[in-house]
Amino acid sequence: MTIWESLAVFAAGIGAGTINTVVGSGTLITFPVLLATGLSPVTANVSNSLGLVPGSISGAIGYRAELRGQRQRVLRLCTVALLGGLGGAILLTTLPSSAFDMIVPVLVAIALVLVVLQPRLARAVQARRERNGTEGHPHGGLPLQAGILCSSVYGGYFGAAQGIIYLGFMGPLLNDDLQRLNAVKNVLSAVVNGVAAVFFLFVAEFDWQVVVLIAVGSALGGQLGARIGRKLAPGVLRGVIVAVGLVAIMQLVLR
């Protein structure tokens with residue numbers, strides 16, 4: 001890569017680490033940048049997954065205060081997330097590259113729809129809780145575990161908007177503060193990225209230069225997201241994600 005491409009990848013890593021900590025969808029920033037450097041979609045995805053691990057861990061550490069009192073919940077959901085993430089990573093390395101090329105634009109499009117609808121979904125969840133006047137299962141029960149499993153399979157395979165999907169499942173099924181759920185989301189993302197990364201180290205092709213640049217950038221971004229990410233205007237953040245995601249879809253379709 002040229003020096004400018006390296007700087008772009010590093011900056012994308014910072015942006016991804018920040019957005020992943022605050023909301024999710026950081027892959028929608030890094031993935032199109034990696035494609036623009038000339039990497040194949042599968043190599044770009046594997047390299048991205050490896051590089052985002054430090055960012056996920058950094059974001060989880062940044063939200064450690066919100067994790068207090070949630071040990072049992074986190075342990076239960078992390079076990080499910082680990083299995084799902086490993087399954088998604090296996091799918092990525094066993095399905096042919098042509099299948100990945102066809103699936104990714106659809107996954108990105110679904111992720112963008114979730115990003116756009118997130119405020120409406122959040123309001124609907126809150127209205128439902130107020131209307132029913134009931135408290136959910138403390139750990140979400142089997143419905144939440146099934147949702148986390150499916151989300152983690154998706155996360156191990158690609159991961160764009162994985163965090164938003166997690167929050168979409170946890171919101172209706174857990175009666176808790178959104179920031180505390182966001183903290184759990186960051187831990188789950190770290191687990192999925194971590195198990196996928198370990199698997200990819202042994203069986204997949206990746207670019208070490210890209211991995212290091214994204215790793216350093218995302219670690220910085222994770223701390224940035226934990227510190228100031230909550231102050232960002234949600235509308236602006238969603239607009240950036242949607243714009244980058246549309247560019248990613250165009251790049252994938254026109255390849």
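Residues numbered from 1 in each chain as written. Predicted model: local features only at pLDDT ≥ 70, side-chain atom pairs only at ≥ 80, totals over all residues. Heavy atoms only, no water.

Engineer: What am I meant to see in the overall build of the protein chain here?
Structural biologist: A tally of regular secondary structure across the protein chain gives 11 helices and zero strands. Secondary structure elements of the protein chain occur, N-terminal to C-terminal, as α-α-α-α-α-α-α-α-α-α-α. Taken over 255 residues, the protein chain has a buried fraction of 51%. Looking at the protein chain alone, contacts between residues at least 24 apart form 85% of all its contacts between residues at least 6 apart. A total accessible area of about 11600 Å² is found for the protein chain, and carbon and sulfur atoms account for 68% of it. (Helix = DSSP H or I, 4+ residues; strand = E, 2+ residues; numbered from the N terminus. Buried < 20%, exposed > 50% of the residue type's maximum accessible area, 1.4 Å probe, protein only. Contact = heavy atoms within 4.5 Å. Areas by Shrake-Rupley, 256 points an atom, 1.4 Å probe, with all protein chains shown as cover.)

Engineer: Honestly, the packing of helix H5 (residues 71-94) against helix H7 (residues 141-157) in this entry has me stumped. Any pointers?
Structural biologist: Two quantities define a packed helix pair, namely the angle between the axes and the distance from one axis to the other. Between H5 and H7, whose axes approach to 6 Å, the crossing angle comes to 35°. Judged by the twist between their axes, the crossing of H5 over H7 is right-handed. Along its contact with H5, which presents Leu-77, Val-80, Ala-81, Leu-83, Gly-84, Gly-85, Gly-88, Ala-89, Leu-91 and Leu-92, the element H7 presents Leu-144, Gln-145, Ile-148, Leu-149, Ser-152, Val-153, Gly-156 and Tyr-157. By residue class, the composition of the contact of H5 with H7 is 12 nonpolar, six polar and no charged. (Axes fitted to C-alpha atoms, helices over the stretch in contact; angles between N-to-C directions. Left-handed = near helix turned anticlockwise from the far one by under 90°. Nonpolar A, V, L, I, M, F, W, Y, C, P; charged D, E, K, R; others polar.)

Engineer: Explain the environment of Gly-168 here, please?
Structural biologist: Structurally, Gly-168 can be placed in helix H8 (residues 162-173). Taking C-alpha positions, Gly-168 is 9.3 Å from Gly-147, a pair spaced 21 residues apart along the chain.

Engineer: Looking at this structure, I do not really get H5. What am I missing?
Structural biologist: Between its first and last C-alpha, H5 extends 34 Å over 24 residues, near the 34 Å set by a 1.5 Å rise per residue. For H5, the full list of buried residues reads Arg-73, Val-74, Leu-77, Cys-78, Val-80, Ala-81, Gly-84, Gly-85, Gly-88, Ala-89 and Leu-92. (Expected span 1.5 Å × (residues − 1).)

Scope: geometric values only; no functional claims are made or implied.
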